[in-house]
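For reference, the chains in residue letters:
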Amino acid sequence: MTEEERAEVRAFNRLRWSLMSPEERARYNERARLRYANMTEEQREARREYQRKYRANMTEEQREARREKQRRYHHEKTEEQREARREARRNYRANMTEEQREARREYLRQYNRDYHANMTEEQREARREYLRQYYRERKAKTNDRT
């Protein structure tokens, strides 16, 4: 599929979505949620891999458009929506079984290990510099309070 065809498909999907009623959108989102919930771990990993490759091959304009869309989406949320989301996250973690908690911890450990292992030297240096600056500022704030 060429870039032009993909743009056409995206435009069509945006139009279709904009014409859906809120009930249709809710049904669509519920089907998508169930589809994801019923995936095997291999299918989920294949999906994540596809998404990684897709994002890696984006042009800078596409990346910028994606960032802008996400920024706008988060910026336009009302405080009630934000609070409802926070509450949902608290409840989700509070209602986890011990087995789920351990699986989540292990997943996060592995994610962090992979994240740090795959950093370039420039990224490592930038991170070190950021953390130095962050802790300098934090120390200054602490000293100001005393």
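Residues numbered from 1 in each chain as written. Predicted model: local features only at pLDDT ≥ 70, side-chain atom pairs only at ≥ 80, totals over all residues. Heavy atoms only, no water.

Trainee: How should I be thinking about the overall build of the protein in this particular structure?
Mentor: Counting its secondary structure elements, the protein contains seven helices and zero strands. What you see in the protein, going N to C, is helices and strands ordered as α-α-α-α-α-α-α. Its C-alpha atoms give the protein principal-axis dimensions of about 60 × 40 × 35 Å. Counting the 146 residues in the protein, one finds 4% classified as buried. (Helix = DSSP H or I, 4+ residues; strand = E, 2+ residues; numbered from the N terminus. Buried < 20%, exposed > 50% of the residue type's maximum accessible area, 1.4 Å probe, protein only.)

Trainee: I'm lost on the pattern of salt bridges in this one. Help?
Mentor: Opposite charge on two side chains allows them to pair when their charged atoms are near. Using the criterion set out here, one finds 29 salt bridges in the structure. Note that Glu-60 is salt-bridged to Arg-63, the shortest N-O span being 3.7 Å. Highlighted residues: Glu-60 and Arg-63, both in helix H4 (residues 60-75), separated by three residues, approximately one helical turn. Taking the relative accessible area as the measure of exposure, Glu-60 reaches 46% and is therefore partly exposed. According to the relative accessible area criterion, Arg-63 is partly exposed, its value standing at 26%. When the shortest N-O distance is used, the salt bridge between Arg-72 and Glu-68 registers 3.6 Å. Residue Arg-72 and its partner Glu-68 are located together in helix H4, separated by four residues, close to a single helical turn. Taking relative accessible area as the criterion, Glu-68 reaches 29% and is therefore assigned partly exposed. (Salt bridge = Lys/Arg side-chain N within 4 Å of Asp/Glu carboxyl O.)

Trainee: What is the right way to look at the packing of aromatic side chains in this model?
Mentor: Centre distance and the angle of the planes are the two values used to describe a pair of aromatic rings. The full count for this structure, using the stated rule, is six aromatic pairs. Taking 6.5 Å as the distance between ring centres and 20 degrees as the angle between the ring planes, the aromatic pair formed by Tyr-50 and Tyr-54 counts as stacked. With a gap of four residues between them, Tyr-50 and Tyr-54 both fall in helix H3 (residues 41-56), about one helical turn apart. By relative accessible area, which is 57% here, Tyr-50 ends up exposed. Residues Tyr-130 and Tyr-134 carry aromatic rings whose centres are separated by 6.3 Å and whose planes lie at 25 degrees to one another, so their mutual orientation is stacked. Of the two residues, Tyr-130 and Tyr-134 both sit in helix H7 (residues 121-145), four residues apart, roughly one turn of that helix. The class for Tyr-130 is exposed, based on a relative accessible area of 54%. (Phe/Tyr/Trp six-rings, centres within 6.5 Å; stacked < 30°, edge-to-face > 60°.)

Trainee: Got a minute to help me understand the environment of Arg-86 in this structure?
Mentor: Considering the arrangement of structural elements, one finds Arg-86 in helix H5 (residues 79-94). We classify Arg-86 as partly exposed; its relative accessible area is 30%. In sequence terms Arg-86 and Glu-49 are 37 residues apart; their C-alpha atoms lie 28 Å from each other. Within the structure, the side chain of Arg-86 is placed 2.9 Å from the side chain of Glu-83, a separation counted as a polar contact. (Polar contact = N/O pair within 3.5 Å; in protein donor to acceptor, adjacent residues only side chain to side chain.)

Trainee: I keep staring at a positive patch on the surface and nothing clicks. Help me out?
Mentor: A cluster of like positive charges, contributed by Arg-14, Arg-55, Arg-66 and Lys-69, occupies part of the molecular surface. Mapping Lys-69 onto the fold places it in helix H4. (Patch = residues over 30% accessible without salt bridge, like charges linked within 9 Å, V, L, I, M, F, W, Y side chains within 5 Å. Areas by Shrake-Rupley, 256 points an atom, 1.4 Å probe, with all protein chains shown as cover. Lys, Arg positive; Asp, Glu negative; His and termini not counted. Charge placed at Lys NZ, Arg CZ, Asp CG, Glu CD.)

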